[in-house]
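Tertiary structure, described
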Amino acid sequence: MVNVRARVPFKVGTKSHIPADILSFDGLVSGKEHVALIFRDADKQQIPPLVRMHSECLTGDVFHSSRCDCGEQLDETIERMAEEGGIILYLRQEGRGIGLYNKIDAYLLQSQGMNTYEANNHLGFGDDLRDFSEAAQMLKALGVESIRLITNNPKKIQDLEALGISIEEVVGTKAHLKEGNENYLRAKASRGKHRFHFD
């Protein structure tokens, strides 16, 4: 199922030349171009590797939007895996699965006072349409069925366990509070049951 493996260095903050392998896959039913980033040969380590399932967020990951903390969570994870090793599954499911254009529509509604869930619901979508079945397939293709999962989201824990992945430990990320995203984070904590603490 692993298609191509290539070496790519990453730069986060003051750290540069963080080595990682980027893997593509074939046989994914959705046809989406999910990839895995492998830090320090985490797929060959004896202990369960650190794993983060990170759903694509163009606005946060690339353009550093103040509406969310996705880019900061991704950077935090890369910095940690640069030291400890690990696997990032970068999943092409923008906006909790609603797509980029619908997410931009949701941004407009949020600017009018709705929170992120209310905006998605107003557009006719559920709270979270992401599917993690292909993430489980990717892990199994790497020979990984026991992990330490980096997440604040209980849905990811429940879904992966139901798909046959054993979670030995849950590792939280920080709440990256900044101007413009406090309502977003508080909505995730209250409605999405995300587990993090505000300073």
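Position numbers for residues start from 1 in each chain and track the written sequence from start to end. Side-chain atom pairs in this predicted model are given and counted only at pLDDT of 80 or more, local residue features only at pLDDT of at least 70, and totals for whole chains, interfaces and linings cover all residues. Side-chain numbers come from the whole structure's heavy atoms, not from hydrogens or water.

**Some points on the environment of isoleucine 78**
- Segments assigned H or I by DSSP are reported as helices when at least four residues long, segments assigned E as strands when at least two residues long, and all are numbered from the N terminus. Within the secondary structure, isoleucine 78 sits in helix H2 (residues 70-84).
- On a C-alpha basis, the gap between isoleucine 78 and lysine 15 in space is 10.0 Å, while along the polypeptide they are 63 residues apart.

**Considering the nonpolar core**
- Core analysis: the biggest nonpolar cluster contains 23 residues, and Ala36, Ile87, Leu89, Leu139, Ile147 and Leu160 have the highest contact counts within it.
- Every element with two or more residues in this core is listed here: strand S2 (15-25), strand S3 (35-39), strand S4 (50-55), strand S5 (86-91), helix H6 (133-141), strand S6 (146-150) and helix H7 (154-162).
- Considering each element in turn, this core owes the most residues, four residues, to H6.
- Leu37, Phe39, Tyr90 and Val171 belong to the second-largest nonpolar core, a separate cluster that totals 14 residues. Residues enter a nonpolar core if they are buried and are Ala, Val, Leu, Ile, Met, Phe, Trp, Tyr or Cys, with the set joined through side-chain atoms within 4.5 Å. Residue burial is assigned from relative accessible area. The probe radius is 1.4 Å, only protein chains are included, and a residue is buried under 20% of its type maximum, exposed over 50%, and partly exposed in between.

**A look at the layout of surface pockets**
- Put plainly, a pocket is an open set of points on a 1 Å grid over the protein atoms alone with protein on both sides within 12 Å along at least five of seven lines, a cavity is a set where a 1.4 Å probe fits but cannot get out, and a lining residue has an atom within 4 Å of a point. Grid points are joined across faces, edges and corners, and a volume is the space filled by probe spheres set on the points. A volume near 220 Å³ is recorded for the largest pocket.
- What lines the largest pocket is Phe10, Val35, Leu37, Gly60, Asp61, Val62, His64, Gly71, Leu74, Asp75, Ile78 and Tyr90.
- Of all the secondary-structure elements, those providing two or more residues to the lining of the largest pocket are S3, helix H1 (58-62) and H2.
- For the lining of the largest pocket, the leading source of residues is H2, giving four residues.
- Each residue gets one label: Ala, Val, Leu, Ile, Met, Phe, Trp, Tyr, Cys and Pro are nonpolar, Asp, Glu, Lys and Arg are charged, and the others, such as Gly, are polar. Residue composition of the lining of the largest pocket, by class: seven nonpolar, three polar and two charged.

**Some thoughts on the pairing of S4**
- Of all six residues in S4, six are buried; the element is thus mostly enclosed.
- Residues Leu50, Arg52 and His54 line one face of S4 and the alternating positions Val51, Met53 and Ser55 line the opposite face, and both faces are buried.
- Bridge count between S4 and S6: two bridges; the pairing is parallel. Of the residues in S6, the one forming a bridge with valine 51 is leucine 149.
- Pairing analysis gives five bridges linking S4 to S5, with the strands arranged parallel. Within S5, the position partnered with arginine 52 by the bridge is isoleucine 88. What makes two strands pair is DSSP finding at least two bridges between them.

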